Amino acid sequence: SAVISQKPSRDICQRGTSLTIQCQVDSQVTMMFWYRQQPGQSLTLIATANQGSEATYESGFVIDKFPISRPNLTFSTLTVSNMSPEDSSIYLCSVRAEVNTEAFFGQGTRLTVV
Amino acid sequence: SQQGEEDPQALSIQEGENATMNCSYKTSINNLQWYRQNSGRGLVHLILIRSNEREKHSGRLRVTLDTSKKSSSLLITASRAADTASYFCATDAGWTGGFKTIFGAGTRLFVKA
């Protein structure tokens, strides 16, 4: 199993600013994923972040808006840049050891942009 | 992008009744997973069924998978008020860089005491 500490748990930010979300895992994991969840909606995959390689972004998400760092096997950050109210959402990190194993999730970061 | 559709979108039942949620997906998969999310919190893994399996049980949970129909169902028997949550199916799809997990739309379950 893996325990994930995600920070901050919530924040209220001014439009035009940036917020960096941290995801710390208590064990080394190969694959890490970042998701966005609008209120009452499902999870939408933003990007896959594997240590030692560039993050792979899903359609509709770009590196300039959501830069990701993955410096080692236990840590990753997601930055939400130049924020607008449309970026208000819950952001979640998730880790997987390999295919056919369960995913573990952080508690999420609830972001409100005003 | 989202892989699957789930139905119903919302389900309200009495405590003690069974709850059935369905999930359909579009592409070939390695496995299908079910997760529970209590309001405003992180997701908790419930069960994973591999593409070569047809049925799996875990406590009061029963999951079926029909790869020919690209569908799965989650049955919760003898439901409890504590089962009130959102339930999501998720599928692993392979890509050149590895795999990624895509979530369905989810079913909101409300169990009345």
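Residues numbered from 1 in each chain as written. Chains lettered and ligands numbered in written order. Predicted model: local features only at pLDDT ≥ 70, side-chain atom pairs only at ≥ 80, totals over all residues. Heavy atoms only, no water.

(A) Seen up close, the overall build of chain A. Summing up its helical and strand segments, chain A has zero helices and eleven strands in all. Going from N to C terminus, chain A has its helices and strands arranged as β-β-β-β-β-β-β-β-β-β-β. Against the compact-globule benchmark of 13 Å for 114 residues, chain A has a radius of gyration of 13 Å, which places it among compact chains. Looking at chain A as a whole, 48% of its 114 residues are labelled buried. When the 8 basic and 9 acidic side-chain charges of chain A are each reduced to a single mean position, those positions are 7 Å apart. (Helix = DSSP H or I, 4+ residues; strand = E, 2+ residues; numbered from the N terminus. Rg over C-alpha atoms; globule rule 2.2 N^0.38 Å. Buried < 20%, exposed > 50% of the residue type's maximum accessible area, 1.4 Å probe, protein only. Lys, Arg positive; Asp, Glu negative; His and termini not counted. Charge placed at Lys NZ, Arg CZ, Asp CG, Glu CD.)

(B) Region of the structure containing the environment of L74 of chain B. Residue and element names in this part refer to chain B. Tracing the sequence through the fold places L74 in strand β8 (residues 71-76). Its relative accessible area of 0% is what places L74 among the buried residues. As for L74 and K112, which are separated by 38 residues in sequence, their C-alpha atoms are 19 Å apart. Among all residues touching L74, those that are not within four sequence positions of it are A19, T20, M21, W34, L46, L61, R62, V63 and Y87. (Contact = heavy atoms within 4.5 Å.)

(C) Layout of the pattern of salt bridges. Per the counting criterion, the structure on display carries six salt bridges over all chains. Measuring nitrogen to oxygen at the nearest pair gives 2.6 Å for the salt bridge that ties D92 of chain B to R96 of chain A. Within this pair, whereas D92 of chain B is found in strand β9 (residues 85-95), its partner R96 of chain A is found in strand β9 (residues 89-96), the two belonging to separate chains. Considered together, D92 of chain B and R96 of chain A belong to a single accessibility category, that of buried residues. When the shortest N-O distance is used, the salt bridge between R60 of chain B and D83 of chain B registers 2.9 Å. Taken together, the positions of R60 of chain B in the loop between β6 (55-58) and β7 (61-66) and D83 of chain B in the loop between β8 and β9 put the pair 23 residues apart, joining distant regions of the chain. When its relative accessible area of 23% is taken as the criterion, R60 of chain B is described as partly exposed. (Salt bridge = Lys/Arg side-chain N within 4 Å of Asp/Glu carboxyl O.)

(D) Just the pairing of strand β8 (residues 75-80) of chain A, in detail. Residue and element names in this part refer to chain A. By the criterion of burial, β8 is predominantly enclosed, with six of the six residues buried. Of the two faces of β8, the one lined by F75, T77 and T79 and the one lined by S76, L78 and V80 are each fully buried. In terms of strand pairing, strand β3 (residues 19-25) meets β8 through six bridges, oriented antiparallel. When the sheet's bridge partners are listed, Q24 is paired in β8 with F75. Across three bridges, the pairing between strand β7 (residues 68-72) and β8 is antiparallel. Across the sheet, residue S69 finds its bridge partner in β8, namely T77. Where β7 hands over to β8, the hairpin turn is made up of two residues, counted between the paired strands. (Pairing = 2+ DSSP bridges.)

(E) Structural detail: the sheet that holds β8 of chain B. All names here are of chain B. Overall, antiparallel pairing links the five strands, which are arranged β1-β3-β8-β7-β6 in an open sheet. This sheet does not close on itself; its edge strands, each paired only once, are β1 (5-7) and β6. The mean angle between the axes of side-by-side strands here comes to 15°, regardless of whether they run parallel or antiparallel. In this sheet, β7 lies alongside β6 in antiparallel orientation, the contact comprising four bridges. In the strand pairing of β7, H57 is matched with R62. (Axes fitted to C-alpha atoms, helices over the stretch in contact; angles between N-to-C directions.)

(F) Region of interest: the sheet that holds β3 of chain A. Residues and elements named next belong to chain A. Pairing within the open sheet is antiparallel, and its four strands lie in the order β1-β3-β8-β7. In the strand order of this sheet, the two ends are held by β1 (4-7) and β7, each with one partner. Within the sheet, the average angular offset between the axes of one strand and its neighbour, ignoring direction, is 15°.

(G) Quick peek at the nonpolar core. Residue and element names in this part refer to chain A. By size, the foremost hydrophobic cluster in this structure holds 25 residues, and its most contacted members are W34, I46, F66, L78, Y91 and L111. Per-element tally for this core: the top contributor is β3, with four residues. The residues touching L111, leaving out its near neighbours within four places in the chain, are D11, C13, L19, V80, M83, D87, S88, S89 and Y91. (Core = buried A, V, L, I, M, F, W, Y, C linked by side-chain atoms within 4.5 Å.)

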